[in-house]
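If you want the building blocks of each chain, they are given just below.
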Amino acid sequence: MTEGKQPFELKTVALAAFGPTLLFATGEGAILPMIPLVAADQGAGLGALGLIAAMIMVGELVGDLPSGALVHRLGERTAMILASLVSIAGLLGCYFSTNPWALGASVFLVGLATAVFALARHAFITTSVPLRFRARALSVLGGLFRAGYFIGPFVSSLVLAISPDKRVVFLVHIGFAVATLLLLLCTGDLSGADDAGDRQTHDGLLSTMTRHRGVLLRMGTCAALLGGLRASRNVVLPVVAVAAGLPPSATALIIGIAGGVDFALSYSSGQIMDRWGRLWAAAPSMTGLAIGHVLLFVVSDVPTFAAIAILLGLANGTSSGIIMTLGADLAPHPGPAQFLGAWRFTGDFGQAAGPLIISGLTAVAGVAVAGVGMGVLGFLGAGLLLRYTPRYVPKRPALTAER
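Quick notes on the rules
Residues numbered from 1 in each chain as written. Predicted model: local features only at pLDDT ≥ 70, side-chain atom pairs only at ≥ 80, totals over all residues. Heavy atoms only, no water. Salt bridge = Lys/Arg side-chain N within 4 Å of Asp/Glu carboxyl O. Helix = DSSP H or I, 4+ residues; strand = E, 2+ residues; numbered from the N terminus. Buried < 20%, exposed > 50% of the residue type's maximum accessible area, 1.4 Å probe, protein only. Core = buried A, V, L, I, M, F, W, Y, C linked by side-chain atoms within 4.5 Å. Contact = heavy atoms within 4.5 Å. 1 Å grid on protein atoms, 1.4 Å probe; cavity = no way out; pocket = protein on both sides within 12 Å on 5 of 7 lines; lining within 4 Å. Points joined across faces, edges and corners; volume = space filled by probe spheres on them. Nonpolar A, V, L, I, M, F, W, Y, C, P; charged D, E, K, R; others polar.

(A) Broad picture of the pattern of salt bridges. The final tally for this structure, using the stated rule, is eight salt bridges. In this structure, Arg 146 engages Asp 262 in a salt bridge whose closest nitrogen and oxygen atoms are separated by 2.3 Å. Note that Arg 146 is positioned in helix α6 (residues 131–162) and Asp 262 in helix α11 (residues 248–264), a separation of 116 residues in sequence. Ionic pairing is found between Asp 329 and Arg 278, a salt bridge with its closest N-O pair at 2.5 Å. Of the two residues, Asp 329 sits in helix α15 (residues 322–330) while Arg 278 sits in the loop between α12 (266–276) and α13 (279–294), which places them 51 residues apart along the sequence. In this structure, Asp 329 and Arg 278 share a single accessibility class: buried. Residues joined in a network through salt bridges with shared partners are Arg 134, Arg 136, Asp 274, Arg 278 and Asp 329.

Now the structure itself:
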């Protein structure tokens with residue numbers, strides 16, 4: 001991609017990518033805490049609650065691979081419009097469901113739509129933003145996703161204060177999805193003419209994965225480990241607080257503060273990557289997450305818990321957008337969507353596996369051992385990043401030629 005005569009500014013992609021991302025993420029953040037509660041109202045047992053809540057992540061995993069081909073054929077804007085429509089259909093299914101299995105199937109459909117939407121916005125930034133601004137753009141994208149997940153539950157809380165029916169949160173997400181759809185319809189085509197022509201001939205999914213199997217295996221493992229540590233952080237902190245007997249009010253406040261620190265560092269992460277290289281954000285972040293997990297065994301009081309939670313927030317904040325940025329750097333040009341679909345699968349797989357590993361180790365050996373186990377995986381991931389990132393990714397993106 002070559003930079004035009006006019007200097008690039010991030011605001012040029014704000015309406016097309018950032019606005020829809022914040023709207024869609026806020027709607028999804030509004031429904032996630034309520035899915036298990038709605039399932040319980042419909043008669044689901046304790047064992048089924050977690051499964052139904054996890055169906056949105058399962059849908060994303062299943063949707064990651066075929067979404068690359070869909071985005072490649074339709075273009076980013078059309079794919080996001082289609083994803084918004086499918087999401088609305090799934091949310092209507094959630095609202096009108098009368099049993100847990102219908103609810104789970106509808107949540108799965110929402111997850112499929114989320115996979116297509118996320119891949120489309122990722123591909124758009126990859127092809128539309130110059131290389132030396134890419135990390136900052138993707139870090140903002142990641143930060144907006146986190147902001148939506150942070151704002152969404154508050155929106156649900158306000159709505160539920162008016163209506164006692166928990167299913168109304170699905171109507172909230174429908175409202176945000178409709179707003180996303182309208183915003184996309186008001187913007188021009190996100191794809192350039194060259195990209196449109198490239199869609200006529202492209203490798204299939206299997207050939208793409210075969211051609212890039214080396215980088216997907218090596219760097220994809222790094223992405224999976226990083227995704228696993230980031231997701232396990234959200235699970236292990238409340239569990240540690242319970243095990244240490246900390247007051248629920250203090251636990252909620254500290255986790256909220258750590259989340260604020262995490263969000264505040266989103267743009268800084270992109271600046272680090274664009275100025276000094278991807279490794280300067282990826283390796284310290286992975287190492288910090290590993291250290292934070294290992295130190296969980298010393299938590300016995302509120303100050304110690306706060307210090308470790310903030311350490312994990314700092315480490316996670318410096319990783320904002322890193323998985324998407326590495327995927328964009330590694331993707332073939334033109335036509336990166338097929339590769340990005342496979343790449344996103346690796347990160348999402350790690351995010352799905354991380355909480356399962358934490359839960360399994362906690363059940364078998366206790367939360368302290370679970371934290372140490374995840375920490376060991378984090379140190380392994382940091383070592384893999386140090387070995388393979390210089391091999392596959394430019395060291396100083398701001399000083400390299402534009403694609």
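(B) Representation of the nonpolar core within the structure. Core analysis: the largest hydrophobic core is formed by 61 residues, its most contacted members being Val 71, Phe 305, Phe 339 and Trp 343. Dropping the residues within four chain positions of it, Phe 339 is found in contact with Thr 208, His 212, Val 215, Leu 216, Gly 327, Leu 330, Ala 331 and Pro 332. In terms of nonpolar packing, the next biggest core, distinct from the first, is built from 22 residues, Ala 39, Leu 49, Cys 94 and Tyr 95 among them.

(C) Spatial organisation of empty space enclosed by the protein. Across all of its chains, the model carries two cavities of 30 Å³ or more by this definition. Every residue lining the second largest cavity is listed: Cys 222, Ala 223, Leu 226, Met 286, Ile 323, Leu 326 and Leu 385. Within the residue set of the lining of the second largest cavity, elements represented by two or more residues are α10 (213–243) and α15. Considering every element that reaches the lining of the second largest cavity, the biggest residue donor is α10, with three residues. Across the lining of the second largest cavity, the residue classes tally to seven nonpolar, no polar and no charged.

What is shown is where atoms sit, not what they do.
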